[in-house]
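Report on the structure
Read off the chains here:
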Amino acid sequence: MTSFQEYSAAEKQARISIEKCTSADELDKLRAKYLGRQGVLKDLFSQMGKSPESERPARGRELNRIKKELTGLLEKRKTEFGSVSKKEEIYDPTLPPPFVDKGKTHPVIKILKEVENIFTSMGFGIAYGPDIETEYYNFTALNIPENHPARDMHDTFYVKNYKNTLLRTHTSPVQVRVMEKKKPPYKFIAPGRCYRRDTVDASHLPVFHQVEGLMVDSNVTFSDLKGVLHLFAKRMFGTKVKIRFRPSFFPFTEPSAEMDISCGICSGKGCPACSQKGWLEILGAGMVDPEVFRYCGVDTAKWQGFAFGMGIERIAMLKYDIHDLRLFIQNDLRFLKQF
Ligand code: DAH
(Lines give C-alpha, C1' and ligand atoms only; values in the text may rest on other atoms or scores of the structure.)
Protein backbone atom coordinates (compact mmCIF):
# COMPACT_ATOMS: atom_id res chain seq x y z
CA MET A 1 0.00 0.00 0.00
CA THR A 2 1.34 3.44 -0.91
CA SER A 3 1.80 5.95 1.87
CA PHE A 4 1.07 9.66 1.87
CA GLN A 5 4.85 10.20 2.04
CA GLU A 6 5.18 8.42 -1.29
CA TYR A 7 2.55 10.80 -2.72
CA SER A 8 4.57 13.80 -1.65
CA ALA A 9 7.82 12.20 -2.80
CA ALA A 10 6.28 11.68 -6.26
CA GLU A 11 4.97 15.27 -6.27
CA LYS A 12 8.35 16.66 -5.24
CA GLN A 13 10.14 14.66 -7.91
CA ALA A 14 7.68 15.82 -10.58
CA ARG A 15 7.99 19.46 -9.52
CA ILE A 16 11.80 19.34 -9.66
CA SER A 17 11.77 17.75 -13.12
CA ILE A 18 9.23 20.23 -14.48
CA GLU A 19 11.11 23.20 -13.02
CA LYS A 20 14.41 21.99 -14.47
CA CYS A 21 12.97 21.21 -17.87
CA THR A 22 14.57 23.23 -20.73
CA SER A 23 12.44 22.53 -23.76
CA ALA A 24 8.84 22.10 -24.86
CA ASP A 25 9.70 18.61 -26.05
CA GLU A 26 11.00 17.55 -22.66
CA LEU A 27 7.95 19.10 -21.06
CA ASP A 28 5.65 16.92 -23.18
CA LYS A 29 7.54 13.88 -22.01
CA LEU A 30 7.16 14.90 -18.36
CA ARG A 31 3.43 15.46 -18.86
CA ALA A 32 3.15 11.90 -20.16
CA LYS A 33 5.33 10.55 -17.39
CA TYR A 34 3.32 12.08 -14.53
CA LEU A 35 -0.14 12.80 -15.91
CA GLY A 36 -0.39 10.44 -18.86
CA ARG A 37 -2.58 7.37 -19.16
CA GLN A 38 0.20 5.16 -17.93
CA GLY A 39 1.68 7.88 -15.79
CA VAL A 40 2.70 8.04 -12.14
CA LEU A 41 -0.52 9.65 -10.94
CA LYS A 42 -2.71 7.20 -12.78
CA ASP A 43 -0.80 4.45 -11.07
CA LEU A 44 -1.24 6.04 -7.63
CA PHE A 45 -4.95 6.49 -8.26
CA SER A 46 -5.35 2.84 -9.21
CA GLN A 47 -3.45 1.70 -6.12
CA MET A 48 -5.93 3.64 -4.02
CA GLY A 49 -8.26 0.65 -4.32
CA LYS A 50 -5.97 -1.35 -2.08
CA SER A 51 -6.22 1.16 0.76
CA PRO A 52 -8.84 1.00 3.53
CA GLU A 53 -12.13 2.52 2.44
CA SER A 54 -12.04 5.15 5.20
CA GLU A 55 -8.77 6.59 3.82
CA ARG A 56 -9.90 6.74 0.22
CA PRO A 57 -11.63 10.16 0.26
CA ALA A 58 -8.53 11.80 1.81
CA ARG A 59 -6.22 10.01 -0.62
CA GLY A 60 -8.43 11.01 -3.52
CA ARG A 61 -8.41 14.65 -2.47
CA GLU A 62 -4.62 14.62 -2.07
CA LEU A 63 -4.00 12.98 -5.45
CA ASN A 64 -6.43 15.38 -7.15
CA ARG A 65 -4.63 18.29 -5.53
CA ILE A 66 -1.28 17.01 -6.82
CA LYS A 67 -2.75 16.49 -10.29
CA LYS A 68 -4.09 20.04 -10.32
CA GLU A 69 -0.83 21.52 -9.08
CA LEU A 70 1.26 19.65 -11.62
CA THR A 71 -1.12 20.51 -14.46
CA GLY A 72 -0.84 24.18 -13.51
CA LEU A 73 2.92 23.99 -13.32
CA LEU A 74 3.16 22.29 -16.71
CA GLU A 75 0.92 24.96 -18.26
CA LYS A 76 3.04 27.72 -16.78
CA ARG A 77 6.27 26.25 -18.13
CA LYS A 78 4.65 25.70 -21.51
CA THR A 79 3.92 29.42 -21.91
CA GLU A 80 7.58 30.11 -21.15
CA PHE A 81 8.64 28.04 -24.13
CA GLY A 82 5.81 29.43 -26.25
CA SER A 83 5.44 27.90 -29.66
CA VAL A 84 9.15 27.52 -30.13
CA SER A 85 10.11 25.43 -33.10
CA LYS A 86 12.37 22.42 -32.68
CA LYS A 87 15.10 24.26 -34.56
CA GLU A 88 15.12 27.12 -32.08
CA GLU A 89 15.11 24.76 -29.14
CA ILE A 90 18.49 23.46 -30.09
CA TYR A 91 19.84 26.98 -30.58
CA ASP A 92 23.29 27.20 -29.05
CA PRO A 93 24.15 30.77 -28.02
CA THR A 94 27.84 29.94 -27.84
CA LEU A 95 28.13 29.20 -31.57
CA PRO A 96 29.58 31.91 -33.85
CA PRO A 97 26.80 33.72 -35.78
CA PRO A 98 26.08 32.80 -39.40
CA PHE A 99 27.83 35.00 -41.99
CA VAL A 100 25.69 37.91 -43.14
CA ASP A 101 26.73 39.56 -46.40
CA LYS A 102 25.96 43.17 -45.58
CA GLY A 103 26.90 44.67 -48.91
CA LYS A 104 29.22 47.64 -49.37
CA THR A 105 29.20 51.20 -50.50
CA HIS A 106 29.89 51.47 -54.22
CA PRO A 107 33.42 52.85 -54.86
CA VAL A 108 32.03 55.85 -56.77
CA ILE A 109 29.69 56.75 -53.90
CA LYS A 110 32.55 56.22 -51.46
CA ILE A 111 34.64 58.79 -53.29
CA LEU A 112 31.64 61.13 -53.57
CA LYS A 113 31.19 60.99 -49.78
CA GLU A 114 34.92 61.57 -49.27
CA VAL A 115 34.79 64.66 -51.49
CA GLU A 116 31.74 65.91 -49.59
CA ASN A 117 33.49 65.38 -46.24
CA ILE A 118 36.61 67.25 -47.34
CA PHE A 119 34.66 70.30 -48.52
CA THR A 120 32.16 70.38 -45.66
CA SER A 121 35.11 70.30 -43.24
CA MET A 122 36.33 73.47 -44.98
CA GLY A 123 32.96 75.10 -44.32
CA PHE A 124 31.30 74.45 -47.68
CA GLY A 125 27.58 73.68 -47.68
CA ILE A 126 25.89 71.16 -49.97
CA ALA A 127 23.31 72.15 -52.59
CA TYR A 128 21.25 69.96 -54.89
CA GLY A 129 19.57 70.61 -58.20
CA PRO A 130 17.26 68.57 -60.44
CA ASP A 131 18.59 65.92 -62.86
CA ILE A 132 16.01 67.08 -65.40
CA GLU A 133 16.97 70.62 -66.29
CA THR A 134 15.98 73.31 -68.73
CA GLU A 135 18.22 74.60 -71.49
CA TYR A 136 18.27 77.90 -69.67
CA TYR A 137 19.95 76.57 -66.51
CA ASN A 138 22.12 73.96 -68.22
CA PHE A 139 23.41 76.28 -70.95
CA THR A 140 22.05 79.80 -71.43
CA ALA A 141 22.58 81.20 -67.92
CA LEU A 142 26.04 79.61 -67.90
CA ASN A 143 26.96 81.80 -70.85
CA ILE A 144 26.57 79.02 -73.41
CA PRO A 145 24.13 80.58 -75.91
CA GLU A 146 22.24 78.63 -78.55
CA ASN A 147 24.46 77.59 -81.47
CA HIS A 148 27.54 77.99 -79.30
CA PRO A 149 29.96 75.13 -80.11
CA ALA A 150 30.23 74.30 -76.40
CA ARG A 151 26.69 72.89 -76.57
CA ASP A 152 27.87 70.29 -79.10
CA MET A 153 30.61 69.13 -76.77
CA HIS A 154 27.96 68.15 -74.26
CA ASP A 155 25.98 65.76 -76.48
CA THR A 156 22.72 66.20 -74.71
CA PHE A 157 19.77 63.90 -73.99
CA TYR A 158 16.66 66.00 -74.62
CA VAL A 159 13.38 65.09 -72.95
CA LYS A 160 10.94 64.12 -75.68
CA ASN A 161 7.79 66.25 -76.00
CA TYR A 162 9.02 68.76 -73.40
CA LYS A 163 10.52 71.74 -75.16
CA ASN A 164 13.83 73.05 -73.82
CA THR A 165 14.01 70.25 -71.27
CA LEU A 166 16.99 67.92 -70.95
CA LEU A 167 18.98 65.68 -68.63
CA ARG A 168 21.66 67.92 -67.18
CA THR A 169 25.03 67.45 -68.82
CA HIS A 170 26.94 68.80 -65.81
CA THR A 171 26.30 70.01 -62.25
CA SER A 172 27.08 73.64 -63.13
CA PRO A 173 23.35 74.60 -63.41
CA VAL A 174 23.13 74.23 -59.61
CA GLN A 175 25.40 77.31 -59.40
CA VAL A 176 22.77 79.33 -61.25
CA ARG A 177 19.88 77.99 -59.20
CA VAL A 178 21.54 78.93 -55.93
CA MET A 179 22.87 82.30 -57.09
CA GLU A 180 19.52 83.51 -58.38
CA LYS A 181 17.84 82.64 -55.06
CA LYS A 182 20.36 83.53 -52.36
CA LYS A 183 22.29 86.64 -51.51
CA PRO A 184 26.10 86.20 -51.33
CA PRO A 185 28.35 85.39 -49.56
CA TYR A 186 28.18 81.60 -49.89
CA LYS A 187 30.36 78.61 -50.53
CA PHE A 188 28.92 75.24 -51.39
CA ILE A 189 29.42 72.12 -53.42
CA ALA A 190 26.77 70.45 -55.59
CA PRO A 191 27.19 66.71 -56.07
CA GLY A 192 25.04 64.73 -58.45
CA ARG A 193 24.45 62.62 -61.50
CA CYS A 194 25.01 63.94 -65.02
CA TYR A 195 24.08 62.56 -68.42
CA ARG A 196 25.60 62.69 -71.88
CA ARG A 197 24.91 60.89 -75.12
CA ASP A 198 28.14 58.97 -75.13
CA THR A 199 28.62 55.42 -76.28
CA VAL A 200 29.90 53.25 -73.46
CA ASP A 201 33.62 52.53 -73.60
CA ALA A 202 36.57 52.41 -71.20
CA SER A 203 36.48 56.17 -70.67
CA HIS A 204 32.82 57.12 -71.34
CA LEU A 205 29.54 56.37 -69.61
CA PRO A 206 26.21 58.02 -70.44
CA VAL A 207 25.55 58.50 -66.71
CA PHE A 208 28.28 59.73 -64.38
CA HIS A 209 28.80 61.86 -61.28
CA GLN A 210 30.22 65.32 -60.79
CA VAL A 211 30.84 67.59 -57.86
CA GLU A 212 30.53 71.28 -58.59
CA GLY A 213 31.92 73.94 -56.28
CA LEU A 214 31.15 77.64 -55.94
CA MET A 215 32.40 80.31 -53.59
CA VAL A 216 31.18 83.89 -53.84
CA ASP A 217 32.32 86.64 -51.48
CA SER A 218 33.50 90.23 -51.56
CA ASN A 219 37.20 89.45 -51.80
CA VAL A 220 37.63 86.13 -53.56
CA THR A 221 40.67 85.71 -55.78
CA PHE A 222 42.24 83.06 -57.96
CA SER A 223 44.70 82.30 -55.14
CA ASP A 224 41.76 81.34 -52.87
CA LEU A 225 40.72 78.88 -55.55
CA LYS A 226 44.23 77.45 -55.68
CA GLY A 227 44.45 77.21 -51.90
CA VAL A 228 41.12 75.41 -51.54
CA LEU A 229 41.85 72.98 -54.36
CA HIS A 230 45.39 72.27 -53.16
CA LEU A 231 44.03 71.41 -49.72
CA PHE A 232 41.40 69.21 -51.34
CA ALA A 233 44.05 67.38 -53.40
CA LYS A 234 46.22 66.79 -50.34
CA ARG A 235 43.31 65.39 -48.35
CA MET A 236 42.20 63.21 -51.25
CA PHE A 237 45.53 61.95 -52.61
CA GLY A 238 47.98 62.43 -49.74
CA THR A 239 50.10 65.32 -48.48
CA LYS A 240 52.89 64.75 -51.02
CA VAL A 241 50.66 65.48 -54.02
CA LYS A 242 51.61 68.43 -56.21
CA ILE A 243 49.13 70.44 -58.26
CA ARG A 244 49.45 72.59 -61.34
CA PHE A 245 47.03 74.79 -63.25
CA ARG A 246 46.94 74.97 -67.04
CA PRO A 247 45.05 77.76 -68.83
CA SER A 248 41.82 76.47 -70.37
CA PHE A 249 38.44 77.66 -71.53
CA PHE A 250 34.95 77.32 -70.04
CA PRO A 251 32.18 79.72 -71.06
CA PHE A 252 31.12 80.23 -67.41
CA THR A 253 34.54 81.12 -65.97
CA GLU A 254 37.13 83.75 -66.89
CA PRO A 255 39.99 83.10 -66.52
CA SER A 256 39.57 79.31 -66.68
CA ALA A 257 41.98 76.54 -65.85
CA GLU A 258 42.35 72.82 -65.63
CA MET A 259 44.02 71.38 -62.60
CA ASP A 260 46.43 68.44 -62.72
CA ILE A 261 47.83 66.43 -59.86
CA SER A 262 51.26 64.80 -59.86
CA CYS A 263 51.05 61.13 -60.81
CA GLY A 264 50.99 59.06 -57.62
CA ILE A 265 52.46 56.01 -59.34
CA CYS A 266 55.69 57.53 -60.69
CA SER A 267 55.75 60.64 -58.42
CA GLY A 268 55.83 62.86 -61.48
CA LYS A 269 58.67 61.10 -63.32
CA GLY A 270 56.48 59.75 -66.11
CA CYS A 271 54.97 56.28 -66.47
CA PRO A 272 52.28 54.50 -68.56
CA ALA A 273 49.54 55.51 -66.06
CA CYS A 274 50.12 59.22 -66.78
CA SER A 275 51.14 58.73 -70.44
CA GLN A 276 54.70 59.68 -69.47
CA LYS A 277 53.53 63.18 -68.51
CA GLY A 278 53.95 62.90 -64.74
CA TRP A 279 50.62 64.74 -64.37
CA LEU A 280 46.95 63.71 -64.37
CA GLU A 281 44.07 66.05 -65.08
CA ILE A 282 41.43 66.06 -62.35
CA LEU A 283 39.16 69.07 -62.68
CA GLY A 284 38.13 72.30 -64.39
CA ALA A 285 37.89 75.61 -62.56
CA GLY A 286 38.03 79.37 -62.83
CA MET A 287 36.69 82.73 -61.69
CA VAL A 288 32.95 83.11 -62.25
CA ASP A 289 32.36 84.95 -65.54
CA PRO A 290 30.63 88.33 -64.95
CA GLU A 291 28.12 87.32 -67.60
CA VAL A 292 26.93 84.42 -65.40
CA PHE A 293 26.66 86.79 -62.42
CA ARG A 294 24.50 89.06 -64.55
CA TYR A 295 22.13 86.21 -65.49
CA CYS A 296 21.75 85.44 -61.79
CA GLY A 297 21.33 89.01 -60.60
CA VAL A 298 24.57 89.12 -58.60
CA ASP A 299 26.17 92.57 -58.41
CA THR A 300 29.56 92.23 -60.14
CA ALA A 301 30.85 95.43 -58.57
CA LYS A 302 30.47 93.90 -55.12
CA TRP A 303 31.05 90.17 -55.49
CA GLN A 304 33.60 87.85 -57.02
CA GLY A 305 33.65 84.10 -57.04
CA PHE A 306 35.42 80.97 -58.11
CA ALA A 307 33.92 77.75 -59.39
CA PHE A 308 35.18 74.27 -60.09
CA GLY A 309 33.81 70.99 -61.34
CA MET A 310 35.20 67.48 -61.10
CA GLY A 311 34.21 64.05 -62.35
CA ILE A 312 33.85 61.57 -59.50
CA GLU A 313 34.43 58.46 -61.62
CA ARG A 314 37.68 60.03 -62.82
CA ILE A 315 38.85 60.61 -59.26
CA ALA A 316 37.85 57.07 -58.25
CA MET A 317 39.83 55.70 -61.24
CA LEU A 318 42.91 57.66 -60.22
CA LYS A 319 42.66 56.81 -56.56
CA TYR A 320 42.04 53.09 -57.03
CA ASP A 321 44.09 52.70 -60.23
CA ILE A 322 41.15 51.52 -62.32
CA HIS A 323 41.52 51.70 -66.10
CA ASP A 324 38.04 50.90 -67.34
CA LEU A 325 34.94 52.90 -66.38
CA ARG A 326 32.66 50.01 -67.31
CA LEU A 327 33.76 48.13 -64.19
CA PHE A 328 31.74 50.64 -62.15
CA ILE A 329 28.45 49.62 -63.73
CA GLN A 330 28.85 45.89 -64.29
CA ASN A 331 27.97 44.93 -60.71
CA ASP A 332 30.62 42.24 -60.60
CA LEU A 333 30.93 41.38 -56.91
CA ARG A 334 34.56 40.31 -57.33
CA PHE A 335 35.28 43.92 -58.33
CA LEU A 336 32.95 45.67 -55.87
CA LYS A 337 34.09 43.69 -52.83
CA GLN A 338 37.59 45.13 -53.07
CA PHE A 339 36.67 48.60 -51.81
N1 DAH B 1 30.94 71.89 -66.09
C2 DAH B 1 32.24 71.52 -66.56
C3 DAH B 1 32.13 70.19 -67.32
O4 DAH B 1 31.21 69.47 -67.15
C5 DAH B 1 33.20 71.37 -65.45
C6 DAH B 1 33.56 72.68 -64.85
C7 DAH B 1 34.65 73.38 -65.33
C8 DAH B 1 32.81 73.23 -63.83
C9 DAH B 1 34.99 74.60 -64.80
C10 DAH B 1 33.14 74.46 -63.29
C11 DAH B 1 34.25 75.14 -63.79
O12 DAH B 1 32.44 75.04 -62.32
O13 DAH B 1 34.56 76.34 -63.24
O14 DAH B 1 33.01 69.87 -68.07
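Calculation rules
- Residues numbered from 1 in each chain as written.
- Predicted model: local features only at pLDDT ≥ 70, side-chain atom pairs only at ≥ 80, totals over all residues.
- Heavy atoms only, no water.
- Domains from an automatic or database assignment.
- Salt bridge = Lys/Arg side-chain N within 4 Å of Asp/Glu carboxyl O.
- Helix = DSSP H or I, 4+ residues; strand = E, 2+ residues; numbered from the N terminus.
- Buried < 20%, exposed > 50% of the residue type's maximum accessible area, 1.4 Å probe, protein only.
- Near = heavy atom within 4 Å.
- Polar contact = N/O pair within 3.5 Å; in protein donor to acceptor, adjacent residues only side chain to side chain.
- Areas by Shrake-Rupley, 256 points an atom, 1.4 Å probe, with all protein chains shown as cover.
- Nonpolar A, V, L, I, M, F, W, Y, C, P; charged D, E, K, R; others polar.
- Core = buried A, V, L, I, M, F, W, Y, C linked by side-chain atoms within 4.5 Å.

Attention now moves to the domain arrangement of the protein. How large an interface is tends to be reported as the accessible area lost when its parts come together. Looking at the protein, the domain boundaries give domain 1 (4–89) and domain 2 (107–336). Once you take the C-alpha centre of each, domain 1 and domain 2 turn out to be 79 Å apart.

Quick look at the pattern of salt bridges now. This model, assessed by the stated rule, comprises 19 salt bridges. Notably, a salt bridge pairs glutamate 116 with lysine 113, separated by 3.5 Å at the nearest N-O pair. Taken together, the residues span about one helical turn, with glutamate 116 and lysine 113 both in helix α6 (residues 107–121) at a distance of 3 residues. Judged by its relative accessible area of 8%, glutamate 116 falls in the buried class. Judged by relative accessible area, which is 42%, lysine 113 ranks as partly exposed. A salt bridge links aspartate 131 to arginine 168, with the shortest nitrogen-to-oxygen separation between them at 3.4 Å.

To continue, consider the site of the ligand. Taken together, 15 residues form the shell around the ligand, and within it His170, Ser172, Arg196, Gln210 and Glu212 come nearest. In the model, an oxygen atom of the ligand is placed 3.0 Å from a nitrogen or oxygen of the glutamine 210 side chain. Interatomic distance of 3.2 Å between a backbone N/O atom of alanine 307 and an oxygen atom of the ligand. With the chains in place, 91% of the 360 Å² that the ligand exposes on its own is no longer accessible. Its residues assigned to classes, the shell around the ligand comprises 5 nonpolar, 8 polar and 2 charged.

Val115, Phe119, Phe232, Phe306, Phe308 and Met310 are the most contacted members of the largest nonpolar core, which has 44 residues in total. Counting residues in hydrophobic clusters, the runner-up holds 25 residues, among them Ala141, Leu166, Met179 and Phe293.

Here we take up unusual backbone geometry. The peptide bond linking proline 184 to proline 185 adopts the cis configuration, its omega dihedral lying at 5 degrees. Mapping proline 185 onto the fold places it in the loop between α9 (173–181) and β4 (186–195). Across the junction of glutamate 254 and proline 255, the peptide omega takes the value -5 degrees, indicating a cis bond. Relative to the helices and strands, proline 255 resides in strand β7 (residues 253–262). Positive phi values are uncommon outside glycine, yet serine 267 reaches one of about 50 degrees. For serine 267, the location among the structural elements is in the loop between β7 and β8 (279–288). Residue serine 267 is classed as exposed on the basis of its relative accessible area of 54%. Within the chain, asparagine 331 stands out as a residue other than glycine whose phi angle is a positive 55 degrees.

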